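Single-letter residue listing:
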Amino acid sequence: MAKLTVSDLDLQGKKVLMRVDFNVPIKDGVIGNDNRVVAALPTIKYVSEHGGKAILLSHLGRIKTEDDKPGLSMRPVAERLSNLLNKPVTFVPATEGTQLEEAIDKMQDGDVLVMENTRYEDVKDGEYVKRESGNDPELGKYWASLGDVFVNDAFGTAHRSHASNVGIASNMSQTAAGFLMEKEIKFIGGAVSNPAHPFVAILGGAKVSDKIGVIDNLLDKADKVIIGGGMTYTFYAAKGMKIGNSLVEEDKIDLAKEIMDKAGDKLVLPVDSVVAEKFDNDAPHKVVEGDIPDGYMALDIGPKSVAEFKDVLKTAKLVVWNGPMGVFEMSNYAEGTLEIGKFLGTLSDATTIVGGGDSTAAVQQLGVADKLTHISTGGGASLEYLEGKTLPGIAAISDK
Ligand code: AMP
């Protein structure tokens, strides 16, 4: 069933609790990259412009001791938000108590307030009590009491049951998805629940063990599953091929065999690789077909594989991509990932979805992100969503 979204709500004069994902990289109080704050702006602006009082909650990093707190205050993020919105934003250096409650009481329609890092609640009086990340029922109830409605726009934490997402939602009569969350549900949720066909999944990255749940689930739904990246060579080993010094998970070779048996011709493996003498951009390297020679490790897919993958992809109506085709961080082994990314950008009849984590970094670094339909903002959350799991943060959003 479709989920309630922020545009379904009457926001005028309401205290709107909003779970956003402001988990930005931060060092010595300086924000490294504010993409996540920028991504949250549409929902925040919408609430404010529709007369809601936006009360923002987010976690920032991990807090296990009192010493972790000062470096992970939400204050600099609130300041950045104020700059981006070009209007004042109230920052409250507390996650509960009179200071917070009074600041909320003083809000006018359209105002924006940011409270302190929700994970400050994980450490109380020096003790690691995990009130936020353990979903303490009292904390969710308390936060819920501060607002009239709840909007969850933090997809990145949707796979976790925390007080600031599931806890609040279970104490509210209405929880709606923000625009970011709505997009993730539409594209990633849509791909696993009701995919268009032909549906091609491209799964790469380092390890079979990280992606096994996704491979398993998508083999049931997709018409083809293309494998690339380091995990290719565990499949090569399972086929009895030589892998040289390539990455391999010995304890997953049997599993790779099972997957191949189940998949039949649905599974598409690279036929050639770029191999190098060392894990080094400047190491001597060359393209080989099939077996990886002794003394070499495979660090990218080769040009024949790129051509074969393109051939499989060209008629697709839906493509989900998770994990790079090679060591894209090094220029000599980035070609496979770049070629596939560029090609996806030319598929004008297909919905093209990048499923978070390293693949998101890859398409951004390679400059192809704006040609694709949807780039997920979640890492762990998108993997679990692609595995077909129910994400507690999404389950807690009201149905329309
Ligand atoms: P993941 O987080 O599982 O998506 O894996 C991403 C990482 O896999 C990137 O840092 C890549 O450099 C790495 N990777 C991709 N292909 C290979 C390969 N053939 N050998 C070693 N590492 C690889």
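Reading the values: rules and limits
- Residues numbered from 1 in each chain as written.
- Predicted model: local features only at pLDDT ≥ 70, side-chain atom pairs only at ≥ 80, totals over all residues.
- Heavy atoms only, no water.
- UniProt positions renumbered as here; feature names shortened; annotations may be inferred.
- Helix = DSSP H or I, 4+ residues; strand = E, 2+ residues; numbered from the N terminus.
- Rg over C-alpha atoms; globule rule 2.2 N^0.38 Å.
- Buried < 20%, exposed > 50% of the residue type's maximum accessible area, 1.4 Å probe, protein only.
- Contact = heavy atoms within 4.5 Å.
- Areas by Shrake-Rupley, 256 points an atom, 1.4 Å probe, with all protein chains shown as cover.
- Lys, Arg positive; Asp, Glu negative; His and termini not counted.
- Charge placed at Lys NZ, Arg CZ, Asp CG, Glu CD.
- Near = heavy atom within 4 Å.
- Polar contact = N/O pair within 3.5 Å; in protein donor to acceptor, adjacent residues only side chain to side chain.
- 1 Å grid on protein atoms, 1.4 Å probe; cavity = no way out; pocket = protein on both sides within 12 Å on 5 of 7 lines; lining within 4 Å.

Per an unreviewed UniProt entry, the protein goes by the name Phosphoglycerate kinase and belongs to Secundilactobacillus kimchicus JCM 15530. Under Catalytic activity (unreviewed entry), UniProt gives the following word-for-word description of the protein: "(2R)-3-phosphoglycerate + ATP = (2R)-3-phospho-glyceroyl phosphate + ADP". Its UniProt record gives the protein the following Pathway (unreviewed entry) comment, quoted word for word: "Carbohydrate degradation; glycolysis; pyruvate from D-glyceraldehyde 3-phosphate: step 2/5."

### Things to note about the overall build of the protein
Secondary structure summary: the protein contains 14 helices and 19 strands in total. Taken over the C-alpha trace, the protein has a radius of gyration of 23 Å; the compact-globule value for 400 residues is 21 Å, and the two agree within 12%. Taken along the three principal axes of its C-alpha coordinates, the protein extends 70 × 45 × 35 Å. Burial analysis of the protein (400 residues in total) assigns 55% to the buried set. For the protein, the share of sequence-separated contacts (at least 6 apart) that also reach a separation of at least 24 residues comes to 72%. Accessible surface computed for the protein: about 16,700 Å², of which carbon and sulfur atoms make up 47%. For the protein, the distance from the average position of its 43 positive side-chain charges to the average position of its 58 negative side-chain charges is 2 Å.

### Re the site of the ligand
Around the ligand there are 14 residues in total, and A206, G230, A298, E329 and D358 lie nearest to it. Taking K211, its side chain carries an N or O atom lying 3.1 Å from an oxygen atom of the ligand. Here A298 contributes a backbone N or O atom positioned 3.0 Å from a nitrogen atom of the ligand. Look at the ligand: alone it shows 500 Å² of surface, and the protein chains cover 83% of it.

### Focus: the UniProt feature "binding site: (2R)-3-phosphoglycerate" (unreviewed entry) in the protein
The UniProt feature table records "binding site: (2R)-3-phosphoglycerate" (unreviewed entry) at R36, R119 and R160. When the annotated set is filtered for residues lining the largest pocket, what remains is R36. As for its position among the elements, R119 is in the loop between β6 (112–115) and β7 (123–124). In contact with R119, other than residues within four places in its own chain, are H59, G61, R62, I63, E132 and H162. By secondary structure assignment, the location of R160 is in the loop between β9 (149–152) and α5 (163–169). Once you skip the residues sitting within four places of it in the chain, R160 turns out to touch N165, V166, E384, P392 and G393.

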